[in-house]
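Structural characterization, general
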Amino acid sequence: MAAYLCPPAVIHGEHAVKTSQIVAEVRDRHPNAAWAPRIDGIAASTGIESRGWMLPLETAVAPGNGGGLAAVGAGPAQEALIRDGFTQQDVDRAIAALEAIPAPQTVQERTAPAWEAVQSYGERAARGALQIAGLDAADVDCLITSHSTTPALPGLDIALANRLSLPNDVMLLPATQWACVAGTRSLALAADLVAADPERVVLVVIAEALSTTYQPADDTLESLIVRLLFADTAVATVVTGRPKRESVLRLDAAWHHTLPGTQDLHRLETRTDGTHFVMDRRGPRAVQETVTAMWEWLRSRYQDDPDSWHPDVLLAHPGGTRVLEYMEQTMPDAWPSGLLDHSRDSYTSGNRGGAAVFDILRRAYDAGQKPGDRAVLYAAAPGLTATALEGEWL
């Protein structure tokens, strides 16, 4: 499994949203929530001071275009009130009052602008990746895409095929439900594709508007944490079966792991006001189980050289600081410190979901990883499922 990866292009959300802005908005909206007295400490515990969104915070918290009667309409409401004996004057006053109540945004109002942004950001990332690799759109044989937070049919693959004017015979492989594991799993799939045909050029594009999960009306602690964690990012890279002058990382092996019975720990739910990300507090422990399994895979892979082999960099998207801490605690004592520095650095500006591993990889590349350094890439996603890759810097 020799696949060669060019440096990724990373496009961060252009609207900086500070944690202090989110705290102020949530505190004003939910002053009596059980967690309200602790909101400052909860926000500080994330370690995130600002994150980039594709759309401004004002877009996420704005009311919908319809009033309080949007669901049933003014006509049926008038008829019901009249049947109950209200005078026409009272009916008119009640209807006017109800129509003045701000209604939450509908799924369409929330998703449509985000989907347009995902396409635009994805196109920019794709063009950047092709430029970095010294290629044109005509050179692309396969396009792998992922965008879990803006469901659409046709999806990002068709959008980019048209926006980039890709060849008519390009293989399109959309994976809209990979979520946080999109970075590693797309590379594993790309590696399999170029192994089957070393002349194949694979373009991978991941664009996530995770800010669409910001739901102002939710007053649960889990919803507060979701508001504080997520960032919007589009990333892209080129994978080839033969080394190019621009190649920076060779992928040598891939590993996949799925925990049975954990499908409800993290999930997206579509409700009348949009997409909600639901978390279970047991989630981090389940993710840790996949980390333990990954260590076993690496131990088995290097069982002939267990004392001297170690990765020089670990590019891990676990979704939170607790799993990063668990990784450090369970690494062999002989492994060097600082393996997760780039992962921690990426997380300080938000959880990027499926785009995270590419962002972390780009940070490692910009920091100047040395040729011959061994790298491990890891991500886990709702399911609960994980994919890791192991390779060498060129």
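In what follows, the structure referred to is the one given above.
Residues numbered from 1 in each chain as written. Predicted model: local features only at pLDDT ≥ 70, side-chain atom pairs only at ≥ 80, totals over all residues. Heavy atoms only, no water.

1. Quick word on the overall build of the chain
We count it as follows: Comment: elements are numbered from the N terminus, with helices defined as DSSP H or I runs of at least four residues and strands as E runs of at least two. To get the radius of gyration, use the C-alpha atoms; to get the globule rule, take the number of residues to the power 0.38 and multiply by 2.2 Å. Per-residue accessibility, obtained with a 1.4 Å probe over protein chains only, is compared with the maximum for each type, and a residue is labelled buried under 20%, exposed over 50%, and partly exposed between these values. Contacts are residue-level and defined by heavy atoms, with any inter-residue pair within 4.5 Å sufficient. Surface exposure here means Shrake-Rupley accessible area, sampled with a 1.4 Å probe, where a residue is shielded only by the protein chains that are shown. Just so you know, the count uses Lys and Arg for positive and Asp and Glu for negative, and it drops His and the chain ends. Charge positions are represented by NZ for Lys, CZ for Arg, CG for Asp and CD for Glu.
From N to C terminus, the chain includes 13 helices and 14 strands. Whereas a compact globule of 394 residues would reach a radius of gyration of roughly 21 Å, the chain reaches 23 Å, a difference of no more than 12%. Along the first, second and third principal axes, the C-alpha set of the chain runs to 85 × 50 × 35 Å. Expressed as a percentage of the 394 residues in the chain, the buried residues total 55%. Considering only contacts within the chain whose residues lie at least 6 apart along the sequence, 81% involve residues at least 24 apart. For the chain, the exposed area adds up to about 17,300 Å²; of that, 50% sits on carbon and sulfur atoms. Counting 32 positive and 49 negative side-chain charges, the chain places the centres of these two groups 2 Å from one another.

2. Considerations on the pattern of salt bridges
Stated formally: A side-chain nitrogen of Lys or Arg and a carboxyl oxygen of Asp or Glu constitute a salt bridge if their distance falls within 4 Å.
Enumeration over the complete set of coordinates arrives at 24 salt bridges. With its nearest N and O atoms 3.1 Å apart, the salt bridge here joins E246 to R245. On the basis of relative accessibility, which here comes to 17%, the residue E246 falls in the buried class. Exposure remark for R245: the relative accessible area of 76% places this residue in the exposed category. With a shortest N-O distance of 3.5 Å, R250 and E392 are connected by a salt bridge. In this pair, R250 sits in strand β9 (residues 249-258) while E392 sits in strand β14 (residues 385-393), placing the two residues 142 residues apart along the sequence. Residue classification places E392 among the partly exposed residues on the basis of a relative accessible area of 21%. One connected set of salt bridges, linked through shared partners, spans R250, D252, R301, R374, E390 and E392.

3. Comments concerning a negative patch on the surface
Worth spelling out the cut-off: Patch membership is restricted to residues that have no salt bridge and whose relative accessible area is over 30%. Joining uses 9 Å for like charges and 5 Å for the nonpolar side chains Val, Leu, Ile, Met, Phe, Trp and Tyr.
Taken together, the side chains of D136, D139, D141, D169 and D197 present a region of like negative charge at the surface. Looking at the secondary structure, you find D141 in the loop between α6 (107-133) and β5 (142-146). A relative accessible area of 35% means that D141 is categorised as partly exposed.

4. Structural notes on the nonpolar core
The criterion, for reference: The term nonpolar core refers to a set of buried residues drawn from Ala, Val, Leu, Ile, Met, Phe, Trp, Tyr and Cys, joined through side-chain atoms within 4.5 Å.
I144, L187, V202, L249, L377 and W393 are the most contacted members of the largest nonpolar core, which totals 38 residues. When residues in this core are grouped by element, the largest group, seven residues, is from helix α8 (residues 182-196). For I144, the contacting residues outside a window of four places in its chain are L173, W178, S186, L189, A190, L193, V202, L203, V204 and V205. If you look at the next biggest cluster of nonpolar residues, it comprises 32 residues, including A117, Y121, A236 and V238.

5. Some points on the pairing of β5
Rule in force here: Here a strand pair is declared whenever DSSP counts at least two bridges between the two strands. A crossover counts as right-handed when, viewed with the strands pointing away from the observer, the path leading from the first strand over the helix to the second turns clockwise.
With five of five residues buried, β5 is to be regarded as a mostly interior element. With burial as the criterion, each face of β5 is covered, one bearing C142, I144 and S146 and the other bearing L143 and T145. For β5 and strand β6 (residues 171-174), the ladder comprises four bridges, and the chain directions are parallel. Within β6, the residue paired with C142 across the bridge is M171. Note that the unit made of β5, helix α7 (residues 156-163) and β6 has a crossover that is right-handed. Sheet topology note: the β5/strand β7 (residues 201-209) ladder contains five bridges and is parallel. Bridge pairing links L143 to L203 in β7.

6. Some thoughts on the side chain of T212
Applied cut-off: Counting of polar contacts relies on pairs of N or O atoms within 3.5 Å, with two restrictions inside protein: one atom must be capable of donating a hydrogen and the other of accepting it, and residues adjacent in sequence are counted only when both atoms are side-chain atoms.
Structurally, T212 can be placed in the loop between β7 and α9 (221-229). Here A209 takes part through its backbone oxygen, which lies 2.9 Å from a polar atom of the side chain of T212. For T212, the contacting residues outside a window of four places in its chain are R110, A114, T149 and T275.

7. Some thoughts on α7
All of the buried residues in α7 are L156, D157, A159, L160 and A161. Packing partners of the buried residues in α7 comprise α6, β5, β6 and β7. Backbone geometry just after α7 places S165 at a positive phi near 55°.

8. Description of the side chain of E123
Counting through the fold element by element, E123 comes out in helix α6. Side-chain polar atoms of E123 contact the side chain of R163, separated by 2.9 Å. Once residues within four sequence positions are removed from consideration, E123 is found in contact with L160, R163 and L164.

9. Some thoughts on α6
Using the following cut-off: Expected helix span is taken as 1.5 Å per residue step, with the number of steps being one fewer than the number of residues.
For α6, built from 27 residues, the straight-helix expectation of 39 Å at 1.5 Å per residue is met to within 8% by its first-to-last C-alpha distance of 38 Å. Remark: G134 follows α6 within two positions and exhibits a positive phi of approximately 70°.

10. Quick look at unusual backbone geometry
At the junction of L153 and P154, the peptide bond is cis and its omega measures out at 0° in the coordinates. The residue A179 is not glycine, and still its phi comes out positive at about 55°. By the element assignment, A179 lies in the loop between β6 and α8. Looking at A179, the relative accessible area reads 17%, which means it is buried.

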